[in-house]
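Understanding the architecture of this molecule
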2 protein chains.
Amino acid sequence: MKKFVNDPKAFVAEMLQGIAWANEDRLRYVPELNLIARADAPSADKVTIIQGSGSGHEPAHVLAVGRGMLDGACPGDVFAAPPMNSVYETARLLRSDRGVLLLVNNYTGDRMAFEMAAELLAAEGIDVRTLFIDDDVSVQDSTYTVGRRGVAGNFFVIKAVGAAAEDGADLDELVRIGERVNSATRTMGIALTPCTPPAKGSPLFELGPDEIEIGVGIHGEPGRRRGKLLPADDLVDEMLEPVLADLPYQAGDRVALMINGLGGTPIGELYVLYRRAHERLRESGIDVGRSYVGEYCTSLDMAGASVTLVRLDDEIEQLLAAPADTGLRIF
Amino acid sequence: MKKFVNDPKAFVAEMLQGIAWANEDRLRYVPELNLIARADAPSADKVTIIQGSGSGHEPAHVLAVGRGMLDGACPGDVFAAPPMNSVYETARLLRSDRGVLLLVNNYTGDRMAFEMAAELLAAEGIDVRTLFIDDDVSVQDSTYTVGRRGVAGNFFVIKAVGAAAEDGADLDELVRIGERVNSATRTMGIALTPCTPPAKGSPLFELGPDEIEIGVGIHGEPGRRRGKLLPADDLVDEMLEPVLADLPYQAGDRVALMINGLGGTPIGELYVLYRRAHERLRESGIDVGRSYVGEYCTSLDMAGASVTLVRLDDEIEQLLAAPADTGLRIF
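Each chain has its residues counted from 1, running along the sequence as written. Labels follow written order: the first chain is A, the first ligand is 1, and so on. Two thresholds apply to this predicted model, a pLDDT of at least 70 for residue-level local features and 80 or more for giving and counting side-chain atom pairs, whereas whole-chain, interface and lining totals are computed over all residues. As a rule here, side-chain values come from all non-hydrogen atoms in the structure, and water together with hydrogens is ignored.

Chain A is annotated in an unreviewed UniProt entry as Dihydroxyacetone kinase-like protein from Actinopolymorpha pittospori.

Structure below.
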């Protein structure tokens, strides 16, 4: 294993400390809860939005904390759901009188932690709602999931509800918006290589020298099938076809198109994928209204990528275009 | 080689087409010059700023094109300087009556192409200046370089002169600012793995299972020495020490701190490096005024990272903080 790591057991804590120090004016770190929170949270003016999930998917979700997106993110260890108690204490710490929205990628462990925490919070009279994200069209059930998995499309749900919350939307309205965006969003990914968790020190699964995993999950879970490495354009078509057919996205639609790198794939290759995806959509009469290319939801050092489409309407497009100031930044 | 690529010979052209389509409102692509330009360039109101270099360093420099940074970038093929003729034609196409500033990372091939182009342009009466960037403290001369190499610190020069040009600075003023930023900037990098150019199909160099290259160049050129993989904090100290000693940066200084990923290193690991770099600077009495963590100047799929410091003063800090709207974007 060749990684920048000290004690693998301290990997998540050190990463979170680094994130907080790199964003001293925006974010704070609460070590005992594994929590990254907005420096100014909670705000009495807005519903509190919290996301949890395993670590190892950075920038998801700890770097999506900030104005216009999340109030807090309480990750678990690498590829592990946060403990129920972290979710519960995070929500208590950051709760606003306007309520708390919990965003959860659909994995069994995460669902359990968040549903139990939500029950406890509700029993204390806190107005809490939970919203599950399940944009991955690859498989119906999987290693850690009943139902579809939540993957990179999650970014769009966070962005939309975050913008609406900033504008003063109430909890019911945020749930309505989040469900609308989730229902308009579909993703599929391909792995070229496995990933290596720091504490394991060896690859999570194996792929042959020219073998790829089509429909891979963001924890390296199996997808639809293994196949041979093909030219980039063919792989884009292979990802886009089930995505397009699922909603379905149709001629005349306007979409957001995301090419998401899974961690080990360089940016140049992502734009080669983008080129074909954009061309393929245009051939289908679908207009790309917004584009996103880069790393949004990764799987440690996995080489690979996913394609996400979001069907846009005026409401969703305005929320996606709204300003945000988070740990996700370049300048 | 497991990469998202079609015909390796078409890799750069397809990437540039993807970049232009993903930024239709900001950027345009001129295939015959391998050029990415601002959609609205040239502007009569500002000096034109152009950067070239080899491809394979994305987001540098093609994604740094846009308002507040570059007017155009004319990359060569992967790790190859742009042809002199591309530089010349790019400058003629994008020139403004206020002049043209050519930014060049210090490599022999790039210097030759840009210096010859600048001579031709000057002979035609175009007001052109050339500014060389050489922030890498690792080695004095190297495989492709006489003098020091230009690496990730380049971002800060582009950002500063881009902001000043937007504010109306003239060509002399931009050269002064660019030289000041370059002279305040130092970088050092470490490779954990080699990189694989698409057209070569195999790694450019070899490293043993626990071997690293300390002071690596962004084309995989040798650095100071090879060593054993060490804990992340030790590697940060190993990079920071020669950087700190070189300017030198001293107690009481205020700096921008960049942890730049070289292409294959996941974001989480970059924040582990950031944590130690921030702590180490604080121990030295140096204040981190601005922080940058992510991929700014890569070496294809190389796993590795570099550390850059910029000594800030009011002028530099204001220019770095100015708004920009380029292909470097998340939302």
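**So, the overall build of chain A**
Test applied: In this description a helix means any DSSP run of H or I spanning at least four residues, a strand means any run of E spanning at least two, and both kinds are numbered starting from the N terminus. The quantity called the radius of gyration is restricted to C-alpha atoms. Its globule counterpart is 2.2 Å times the number of residues to the power 0.38. The classification of residues rests on relative accessible area computed with a 1.4 Å probe and restricted to protein chains. Under 20% of the type maximum is buried, over 50% is exposed, and intermediate values are partly exposed. All accessible areas in this document rest on Shrake-Rupley with a 1.4 Å probe, and a residue is counted as covered only by the protein chains that are shown. Residues scored as charged are limited to Lys and Arg (positive) and Asp and Glu (negative), so that His and the chain ends carry no count. By convention, charge coordinates are those of NZ in Lys, CZ in Arg, CG in Asp, or CD in Glu.
The helix and strand inventory of chain A stands at eight helices and 14 strands. The globule rule puts the C-alpha radius of gyration for 331 residues at 20 Å, and the 19 Å found for chain A is close to it. Considered along the principal axes of its C-alpha atoms, chain A spans approximately 55 × 50 × 40 Å. In chain A, buried positions account for 66% of the 331 residues. Carbon and sulfur atoms make up 47% of the accessible area of chain A, which amounts to about 10900 Å² in all. Separation between the mean location of the 32 positive side-chain charges and that of the 50 negative ones in chain A comes to 2 Å.

**A word on the UniProt feature "domain: DhaK" (unreviewed entry) in chain A**
Formally: UniProt positions are given in the numbering used here, feature names are shortened, and annotations may be inferred rather than shown by experiment.
Here the UniProt feature "domain: DhaK" (unreviewed entry) sits at residues 7-330 of chain A. Secondary structure content for residues 7-330 of chain A is 32% helix and 22% strand, while the C-alpha to C-alpha distance between its ends is 28 Å.

**Some remarks on the relation of the copies chain B and chain A**
Keep this limit in mind: We place the copies in one frame by least squares, fitting the C-alpha atoms of every residue whose pLDDT is at least 70 in both.
The transformation that overlays chain B on chain A combines an axial shift of 0.0 Å with a rotation of 180°, and the residual RMSD is 0.0 Å. With respect to symmetry, the two chain copies, as superposed, fit the operation of a two-fold axis. Taking the C-alpha atom as reference, chain B places Gly264 of chain B closest to the rotation axis, 2.2 Å from it.

**Structural notes on helix α2 (residues 84-94) of chain B**
Here is the rule: Between two residues, a contact is recorded if the distance between any of their heavy atoms is within 4.5 Å.
Within the span of α2 of chain B, buried status applies to Ser86, Val87, Tyr88, Thr90, Ala91 and Leu94 of chain B. Contact partners of the buried residues in α2 of chain B: β1 (27-30), β2 (35-38), β3 (48-52), β5 (72-73), β6 (100-105) and α3 (108-123) of chain B.

**Section: the pattern of salt bridges**
Note the cut-off: The term salt bridge refers to a side-chain nitrogen of Lys or Arg lying within 4 Å of a carboxyl oxygen of Asp or Glu.
This model, assessed by the stated rule, comprises 63 salt bridges over all chains. Here Asp246 of chain A makes a salt bridge to Arg148 of chain A, at a shortest N to O gap of 2.6 Å. One end of the pair, Asp246 of chain A, is in helix α6 (residues 232-246); the other, Arg148 of chain A, is in the loop between β7 (128-133) and α4 (154-166), and 98 residues separate them in sequence. Given the relative accessible area of 27%, Asp246 of chain A is considered partly exposed. When the shortest N-O distance is used, the salt bridge between Glu211 of chain B and Arg226 of chain B registers 3.7 Å. Of the two residues, Glu211 of chain B is situated in strand β9 (residues 211-214) and Arg226 of chain B in strand β10 (residues 225-228); the sequence distance between them amounts to 15 residues. Each of the salt bridges in this network shares a partner with another, and the network as a whole consists of Asp233, Asp237, Arg275, Arg276, Glu279 and Glu283 of chain A.

**Here we look at the domain arrangement of chain A**
Residue and element names in this part refer to chain A. Cut-off, in case you're wondering: Residue ranges assigned to each domain were obtained from an automatic or database domain assignment. Buried area is understood as the total, over both parts, of accessible area removed when two parts are fitted together, assessed with a 1.4 Å probe. Polar contacts, as counted here, are pairs of nitrogen or oxygen atoms within 3.5 Å of one another; within protein the pair requires one atom able to donate a hydrogen and one able to accept it, and residues that are adjacent in sequence qualify only if both atoms are side-chain atoms. Polarity classes work like this: nonpolar for Ala, Val, Leu, Ile, Met, Phe, Trp, Tyr, Cys and Pro, charged for Asp, Glu, Lys and Arg, and polar for all others, with Gly in that last group.
Here the domain parsing of chain A yields domain 1 (8-184) and domain 2 (186-321). Facing 38 residues of domain 1, the contacting portion of domain 2 comprises 43 residues. Here domain 1 meets domain 2 over a buried area of about 3200 Å², counting both sides, of which 63% is carbon and sulfur. Of all residues in domain 1, Phe79, Phe156 and Ala184 bury the most surface against domain 2, accounting for 20% of the area lost on that side. Connecting domain 1 to domain 2 are five salt bridges. Applying the counting rule to domain 1 against domain 2 returns 20 residue pairs in polar contact (both at pLDDT 80 or more). Mapped by element, the contributors of at least two residues to the side of domain 1 that touches domain 2 are α4 and α5 (171-183). Looking at the side of domain 1 that touches domain 2 element by element, the count peaks at seven residues for α5. Here the residues of the side of domain 1 that touches domain 2 sort into 20 nonpolar, nine polar and nine charged.

**A look at unusual backbone geometry**
Across the junction of Ala60 of chain A and His61 of chain A, the peptide omega takes the value -15°, indicating a cis bond. With respect to the helices, strands and loops of the structure, His61 of chain A is situated in the loop between β3 (48-52) and β4 (66-67). Between Ala41 of chain B and the following residue, Pro42 of chain B, the backbone shows a cis peptide bond with an omega angle of 0°. Structurally, Pro42 of chain B is set in the loop between β2 and β3. A positive phi is found at Asn34 of chain A, a non-glycine position, where the angle reads about 55°. Secondary-structure assignment places Asn34 of chain A in the loop between β1 (27-30) and β2 (35-38).

**A few points about the sheet that holds strand β8 (residues 185-191) of chain A**
Residue and element names in this part refer to chain A. Inclusion rule: DSSP calls a pair of strands paired once it identifies at least 2 bridges connecting them. A fitted line through C-alpha atoms represents every axis, and for helices the fit uses only the stretch in contact; the resulting angles, taken between N-to-C directions, go from 0 to 180 degrees.
Taken in spatial order, the six strands make up an open sheet running β10-β9-β8-β13-β11-β12, and their pairing is mixed. Unpaired on one side and paired on the other, β10 (225-228) and β12 (287-294) mark the two borders of the sheet. With strand direction ignored, the average angle separating the axes of adjacent strands in the sheet is 20°. Bridge count between strand β11 (residues 254-261) and strand β13 (residues 304-311): seven bridges; the pairing is antiparallel. Paired with Val255 across the two strands is Arg311, which belongs to β13. Here α4 sits on the sheet in contact with β11, β12 and β13, set at roughly 120° to β11. Running over the sheet, helix α7 (residues 267-283) touches β11, β12 and β13 and is turned about 155° from β11.

**Considering the nonpolar core**
Generally speaking, nonpolar side chains in soluble globular proteins are found buried as a group. Put simply, the rule reads: The criterion is simple. A nonpolar core is a set of buried Ala, Val, Leu, Ile, Met, Phe, Trp, Tyr and Cys residues joined through side-chain atoms within 4.5 Å.
Judged by nonpolar contacts, the single largest core of 206 residues is most densely connected at Leu101 and Leu103 of chain A together with Leu101 and Leu103 of chain B. Residues in contact with Leu101 of chain A, not counting those within four places in the same chain, are Val47, Thr48, Ile49, Ile50, Arg129, Leu131, Val161, Leu171, Leu174 and Val175 of chain A.

**What to know about helix α4 (residues 154-166) of chain B**
Residues and elements named next belong to chain B. As a reminder, the rule being used: Expected span, for any helix, means 1.5 Å times one less than how many residues it has.
Its 13 residues give α4 an end-to-end C-alpha distance of 18 Å, which sits within 8% of 18 Å, the value for a rise of 1.5 Å per residue. Counting buried positions along α4 gives 12 out of 13 residues, so the element sits mostly inside the fold. For α4, the complete set of buried residues consists of Asn154, Phe155, Phe156, Val157, Ile158, Lys159, Ala160, Val161, Gly162, Ala163, Ala164 and Ala165. In the stretch just after α4, Gly168 is the one whose phi turns positive, near 100°.

**Digging into the environment of Ala164 of chain A**
Residue and element names in this part refer to chain A. Along the chain, the position of Ala164 falls in helix α4. A relative accessible area of 5% places Ala164 in the buried class. Note: C-alpha distance between Ala164 and Gly66 (98 residues apart in sequence) is 14 Å.

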